Protein chains: 4
Amino acid sequence: MSLEIKKIAVLTSGGDSPGMNAAIRAVVRTCAFHNIECIGVYRGYQGMIEGDFREMGPRDVNNIINKGGTILKSARSKEFMTPEGRKKAYNNLKAQGIDAFVVIGGNGSFTGGLIFNEEYGFPVIGIPGTIDNDIYGTSFTLGYDTALNTVVEAIDKIRDTASSHNRLFFVEVMGRDAGHIALNAGIAGGAEEILIPEEDMGLDRLVESLKKSKASGKLSSIVVIAEGDKIGKNVFELKDYVDENMPEYDVRVSILGHMQRGGTPTCFDRVLASRLGVKAVETLLEGQSNYMVGVLKDEIVLTPLDLAVKGKSQIDKELIRVSDIVSI
Amino acid sequence: MSLEIKKIAVLTSGGDSPGMNAAIRAVVRTCAFHNIECIGVYRGYQGMIEGDFREMGPRDVNNIINKGGTILKSARSKEFMTPEGRKKAYNNLKAQGIDAFVVIGGNGSFTGGLIFNEEYGFPVIGIPGTIDNDIYGTSFTLGYDTALNTVVEAIDKIRDTASSHNRLFFVEVMGRDAGHIALNAGIAGGAEEILIPEEDMGLDRLVESLKKSKASGKLSSIVVIAEGDKIGKNVFELKDYVDENMPEYDVRVSILGHMQRGGTPTCFDRVLASRLGVKAVETLLEGQSNYMVGVLKDEIVLTPLDLAVKGKSQIDKELIRVSDIVSI
Amino acid sequence: MSLEIKKIAVLTSGGDSPGMNAAIRAVVRTCAFHNIECIGVYRGYQGMIEGDFREMGPRDVNNIINKGGTILKSARSKEFMTPEGRKKAYNNLKAQGIDAFVVIGGNGSFTGGLIFNEEYGFPVIGIPGTIDNDIYGTSFTLGYDTALNTVVEAIDKIRDTASSHNRLFFVEVMGRDAGHIALNAGIAGGAEEILIPEEDMGLDRLVESLKKSKASGKLSSIVVIAEGDKIGKNVFELKDYVDENMPEYDVRVSILGHMQRGGTPTCFDRVLASRLGVKAVETLLEGQSNYMVGVLKDEIVLTPLDLAVKGKSQIDKELIRVSDIVSI
Amino acid sequence: MSLEIKKIAVLTSGGDSPGMNAAIRAVVRTCAFHNIECIGVYRGYQGMIEGDFREMGPRDVNNIINKGGTILKSARSKEFMTPEGRKKAYNNLKAQGIDAFVVIGGNGSFTGGLIFNEEYGFPVIGIPGTIDNDIYGTSFTLGYDTALNTVVEAIDKIRDTASSHNRLFFVEVMGRDAGHIALNAGIAGGAEEILIPEEDMGLDRLVESLKKSKASGKLSSIVVIAEGDKIGKNVFELKDYVDENMPEYDVRVSILGHMQRGGTPTCFDRVLASRLGVKAVETLLEGQSNYMVGVLKDEIVLTPLDLAVKGKSQIDKELIRVSDIVSI
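Residues numbered from 1 in each chain as written. Chains lettered and ligands numbered in written order. Predicted model: local features only at pLDDT ≥ 70, side-chain atom pairs only at ≥ 80, totals over all residues. Heavy atoms only, no water.

With an unreviewed UniProt entry as reference, chain A is termed ATP-dependent 6-phosphofructokinase, source organism Flavobacterium akiainvivens. UniProt lists a comment for chain A under the heading Subcellular location (unreviewed entry), and it reads "Cytoplasm". Per UniProt, chain A carries the Cofactor (unreviewed entry) text "Mg(2+)". (UniProt positions renumbered as here; feature names shortened; annotations may be inferred.)

Asker: Just checking my understanding: could you explain the packing of helix 9 (residues 267–285) of chain B against helix 6 (residues 180–188) of chain C for this structure?
Answerer: Any two packed helices are characterised by how steeply their axes cross, that is the angle between the axes, and by the distance between the axes. The contact between helix 9 of chain B and helix 6 of chain C brings their axes to 8 Å, and the two run at 80°. The orientation of helix 9 of chain B relative to helix 6 of chain C falls into the category roughly perpendicular. Counted together, Cys-267, Arg-270, Val-271 and Ser-274 of chain B of helix 9 of chain B and Asn-184, Ala-185, Ile-187 and Ala-188 of chain C of helix 6 of chain C form the full contact between these two elements. The residue makeup of the contact of helix 9 of chain B with helix 6 of chain C, split by class, is five nonpolar, two polar and one charged. (Axes fitted to C-alpha atoms, helices over the stretch in contact; angles between N-to-C directions. Helix = DSSP H or I, 4+ residues; strand = E, 2+ residues; numbered from the N terminus. Parallel < 35°, antiparallel > 145°, perpendicular 65-115°, else oblique. Contact = heavy atoms within 4.5 Å. Nonpolar A, V, L, I, M, F, W, Y, C, P; charged D, E, K, R; others polar.)

Asker: Explain the packing of helix 3 (residues 83–95) of chain B against helix 4 (residues 107–120) of chain B here, please?
Answerer: Residues and elements named next belong to chain B. At a minimum axis separation of 11 Å, helix 3 and helix 4 run at an interaxial angle of 75°. On the basis of their axis angle, the class for helix 3 and helix 4 is roughly perpendicular. Contacts between helix 3 and helix 4 pair Pro-83, Arg-86, Lys-87, Ala-89, Tyr-90 and Leu-93 from the former with Ile-115, Phe-116, Glu-119 and Tyr-120 from the latter. Per-class residue counts for the contact of helix 3 with helix 4 are seven nonpolar, no polar and three charged.

Asker: Which parts of the structure should I look at to understand the domain arrangement of chain A?
Answerer: Frequently, the measure chosen for interface size is the accessible area that the parts lose on association. Residues and elements named next belong to chain A. When its domains are assigned, chain A resolves into domain 1 (7–143 + 265–310) and domain 2 (146–261). Distance from the C-alpha centre of domain 1 to the C-alpha centre of domain 2: 35 Å. Across the contact, 11 residues belong to domain 1 and 10 residues belong to domain 2. With both chains or domains summed, domain 1 and domain 2 bury close to 900 Å², and 52% of this area falls on carbon and sulfur atoms. When the area that domain 1 buries against domain 2 is broken down by residue, the three leading residues are Ile-131, Asp-132 and Thr-266, summing to 51%. The interface formed by domain 1 and domain 2 includes zero salt bridges. Along the contact surface separating domain 1 from domain 2 lie five residue pairs in polar contact (both at pLDDT 80 or more). Of the residues belonging to the side of domain 1 that touches domain 2, the class tally is three nonpolar, four polar and four charged. (Domains from an automatic or database assignment. Buried area = accessible area lost by both parts, 1.4 Å probe. Salt bridge = Lys/Arg side-chain N within 4 Å of Asp/Glu carboxyl O. Polar contact = N/O pair within 3.5 Å; in protein donor to acceptor, adjacent residues only side chain to side chain.)

Asker: When you look at the sheet that holds strand 2 (residues 37–41) of chain A in this model, what are you seeing that I'm missing?
Answerer: Two orientations exist for strands paired in a sheet by backbone hydrogen bonds: parallel and antiparallel. All names here are of chain A. Taking strand neighbours across the sheet as the criterion, the seven strands line up as 3-2-1-4-5-10-11 in an open arrangement whose pairing is mixed. The strands lining the two open edges of the sheet, one partner per strand, are strand 3 (53–55) and strand 11 (299–304). Each strand axis lies, on average, 30° off the axis of its neighbour in the sheet, ignoring direction. Each of strand 4 (100–105), strand 5 (124–128) and strand 10 (291–296) touches helix 4 (residues 107–120); the most contacted strand, strand 4, lies at about 160° to it. (Pairing = 2+ DSSP bridges.)

Asker: Sorry, what's going on with unusual backbone geometry here?
Answerer: Keep in mind that most residues, glycine aside, have a negative phi and that most peptide bonds are trans. All names here are of chain A. Unlike most non-glycine residues, Arg-43 shows phi in positive territory, near 55°. Mapping Arg-43 onto the fold places it in the loop between strand 2 and helix 2 (44–50). Residue Arg-43 is classed as partly exposed on the basis of its relative accessible area of 21%. The backbone of Asp-298 shows a phi angle near 70°, a positive value even though the residue is not glycine. (Buried < 20%, exposed > 50% of the residue type's maximum accessible area, 1.4 Å probe, protein only.)

Asker: I tried to follow the relation of the copies chain A and chain D on my own but got confused; where do I start?
Answerer: For the pair of chain copies, the relating operation is a rotation around an axis with a shift along it. The transformation that overlays chain A on chain D combines an axial shift of 0.0 Å with a rotation of 180°, and the residual RMSD is 0.0 Å. The transformation just described matches what one would write down for a two-fold rotation axis. Distance from the rotation axis, computed per C-alpha, reaches its smallest value in chain A at Lys-297 of chain A: 1.8 Å. Most of the interface of chain A is mirrored in chain D, where 100% of its interface residues are also at the interface. (Least-squares fit on C-alpha atoms with pLDDT ≥ 70 in both.)

Asker: Help me understand the environment of Ile-300 of chain C, please; the structure alone is not making it clear to me.
Answerer: All names here are of chain C. Here Ile-300 shows up in strand 11 (residues 299–304). Separated by 80 residues in sequence, Ile-300 and Ser-220 have C-alpha atoms that sit 42 Å apart. Those residues in contact with Ile-300, other than ones at most four positions away along the chain, are Arg-275, Leu-276, Lys-279, Gly-294 and Val-295.

Asker: Even after reading the chapter, I still don't get helix 3 (residues 83–95) of chain C, so can you show me in this structure?
Answerer: Residues that lie three or four places apart on an α-helix share one face, since the helix turns once every 3.6 residues. Residues and elements named next belong to chain C. Here helix 3 spans 18 Å end to end across 13 residues, near enough to the 18 Å set by a 1.5 Å rise per residue. What helix 3 keeps buried is the set Gly-85, Arg-86, Ala-89, Tyr-90 and Leu-93. One face of helix 3 carries all of its buried residues, which in axial projection span an arc of 135°. Turned more than 90 degrees from where helix 3 packs its buried face, Glu-84 and Ala-95 sit exposed. Looking at the buried positions of helix 3, the neighbouring elements they touch are helix 2 (44–50), strand 3 (53–55), strand 4 (100–105) and helix 4 (107–120). Trailing helix 3 by a residue or two, Gly-97 shows a phi angle of about 70°, which is positive. (Expected span 1.5 Å × (residues − 1). Arc of directions from axis to C-beta.)

Asker: Which parts of the structure should I look at to understand the interface of chain A and chain D?
Answerer: Residue-level contacts link 52 residues of chain A with 52 residues of chain D. For the pair chain A and chain D, the summed buried surface comes to about 4100 Å²; carbon and sulfur atoms form 57% of the total. The largest share of the area that chain A buries against chain D comes from Cys-267, Val-326 and Ile-328 of chain A, three residues that together contribute 15% of it. Counting across the chain A and chain D interface gives six salt bridges. Here Arg-321 of chain A makes a salt bridge to Glu-282 of chain D, at a shortest N to O gap of 2.5 Å. Our count for the chain A to chain D interface comes out at 22 residue pairs in polar contact (both at pLDDT 80 or more). When the residues that make up the side of chain A that touches chain D are grouped by side-chain class, the tally is 21 nonpolar, 15 polar and 16 charged.

Take a look at the structure:
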């Protein structure tokens, strides 16, 4: 890749997550630090197609490091899934003299970048931004740590009222395909049971476990459930089942929903975003591309974008055992 | 009421709310300050019936002022609604030498206390503890200010993701019969519309208002809905209606649920709880009873318990107008 | 005052406080609601002198209701204390066709507005914005409730470590002339003693009280001190005194400092700001001026600006008694 | 080590940190899970000397996972530094039939355990609990992540008022020997400069950097300073120096102090505490001892206790470069 990079675009794509603004800030300022121009693309790939660009200097990203959401907005673009859409996007990038782009998002956003690169040889770097932490090649995605704390704070509040009334709460958290949030926030929230997509505990074992928990002297209980749990029932059906089989419990349901996607990012997410943003730009400046920047084993590392897309992020199975022990 | 008070019981009853522990602490310590014995009754009126009592000194309420929930637990007691149940409760109180009790709770709890007093002439003082702020005779109930901040923090997070995606969110908050939470948290959360039980805005006006809001350049919107809103549809039916009539919006629903009942109480709730707890005990010591202690026009005041139960707490209608103006 | 108001300026002046942005938003949008132009003045009276003005429409105040600080910036202006400075300011206002202004700030800011009005007959409305709550004519100033919660959260954290080590902490909070913050946050934080400018408890009584507290079985203690406390020693001298006279305590000092001035405003401050902003503009539109808008006895009220400046805000002395009781 | 472990003691020692309670809970419940007895030792090694023991079952650690501080209290014990003190401690442990202990604390606490082990062959496991993150053999200590977020939240508030007034703030954070907190919280807080013990930037470079920052259009600045920074001046002397050399700035100082040690632990600290607590007990049950349990490269690992004590925790120097770039 002998191309000299003089102008880099940055965009956020897919679901937003806390820390995206901190990453935008880092990309913009790393460009300025290396005397490279930086262009913000609004509304993800859709904005790339529509030419919704704006020059960004270091002062344009003042005071955004602590803001949730993304100042560049995000969107899902059906048009970018078509060759025509990508053609328009490419033409816009060239017309602006943009040499490479950094896309902050999840798997779908990386796939878009990968296809775009295959078609046009356009240098792309991905920064993993999603609360679900379900991306291969990084131990932590941007927004995950913040979402965990949002969930744990909500569970803490729910526990106040649960233990005042000796109730059982089912708390549904995000995670259609991955149990990272449920498993970690469940342990931290002191949940009695945690239902995740990666493991089918079965209804009988759930009820048995709750009965054992009650017998051990616990007066209230919290069960954390990932959206995509494998038990094959939604959270209200679960409630009905337990209502029927454990009449001794007063069961309530709480679905935490979209508040998990917002909020001021934690220190961890801000620092990670800063490090990944710097690395993304400098990787491009070193003439490399088609990587995702991530953090593995305490180090900032590069993973080929196609591996990041194809790979499967694994939960730490040992955490299931830890949860079983500390919820005794 | 010539009886000299030497021993006072305290209980929490009905739904729990942040600040109840601060009120328990104030009751217990005010008793100690005046060299009166204090007895904690567990699980509300049900614990009174079952004799679930414990002596409480000032050190037993250390470090609870900042805890949500209630260390005395709460419950709804069907048995206390029967003459037999109340008879048992009375016998237990007399057996313990208890001369009066302070009940922290809402309307149902006060009604229980009132009937008990009518039957046995037993001195009772009520402290208004509920997040709904729907009690006559006080401008603020314990837990209301905390719940407002919980809701506003959640809306702030939802707004992050709403404005990143140009979405419309329906956020359902507590308030079956009263719009206090929805109205105040809606204004503070910058909601475009607020639907409350006290006012039927109608579906057409809602859609019209949202269209106007969109036309004015707003890219995302939040509508706050009290559980008991008068529009006659639940929040998912509302979503369907808007989906159909405003296809330009991507509509999402978030139901905040029970987390609104928990959490560390705010400064306001802790100070109010302290003041009401002191006043409750001192009112009994002055030989008065059957009052609710509350705060009106910046003053701690007494309202006869039967008036508190019969009266209706009103929302400040001017706030509806303020909301219409500041959401322009 | 028969002048018809068509253009209103808004500025923030003096120390900033959380809620100022919510008030700016309310002023701007109330102007828009009534089809009046609104001009933002940057950096307080200094910006007025320098003509640092910007037109503000409803979309310019999007997403600021939850931001601490002030988007209009603030400053203390020595030049505005001179007739020449005020002359320049007046000329700038007239050149812009501005008919009146709303100033958000404290006593000094109101005094400036008052003198300006006396000299030029220029209509002025004040909105009380200061964390100190030391303004006559309102029970609550903007930012006060937020600052209270900031202080209480800090005390909660300090108590964690205080009780882990059985230590005595002196926590200094803001309040040079007024003990509102110390008194309320002290009660809510469970402080053993509270030292305020309004009352001189004396060193001997402080030590005596701490000894009594220790004797009663308390293992750790927190003493909250307003900057302007009357005991005549600064917080480090106090520590030395107690170190010498109570060697049984391990004494530490924490000065909370400027973080008390910032942060996301609470629900209370945002609603109050919205109500005061609406009232400020509508008061001008009704042809009235030279008032401060405030809240007294649960009602939005007007106080003549000269009274607001001359009057003295009083602490609620009953709270001192409440503190003595609940800290037993 | 052929001894079969049937009874394990747990204590917290040295400065407390958020997450210690979560670790105590994990130790107690892992013992219960493996049908081992668990004894809580109060007030660290001093309580061991005084025989301040209490049996702990799984219900004794209900609802403490989210509490700052330590329910076992902590203390620094001079007596344990003497052979006589340790002899008493040993006798107490043997009298109780205790076979091993888990000590949660920092370097000093580990040294105590190590000497004790050398003298009596008593099995010891250390869990790193300190906000300073200055322990060799673990990437994260308990309480560090929580402290980082406490500091960042404080800086966010200070920035609100800094940018409203165009001020320069020196914010002093904990870290006498290590810059971990300053460096990470400084990056996350958007600090313009960060002064740490590991690097001497010199006064001239500081002033030069601030001048450059001002010239680049930044109107306010935050400099984060670790207690033990190498510049050789305390924070007030720094202020004086900058006051003199940069009269264009209005400089303020904020010392965050002991609030950094308290607070509800973050999700990260609670999960880490749970994992380390489980590992500590199971390591003993496997017949191993004299290790510290920690987390390195995303894995729970054992480090010989003497290495943990002798080793030096290093900051990530790359973070200094990241800070220089993103603060441009």
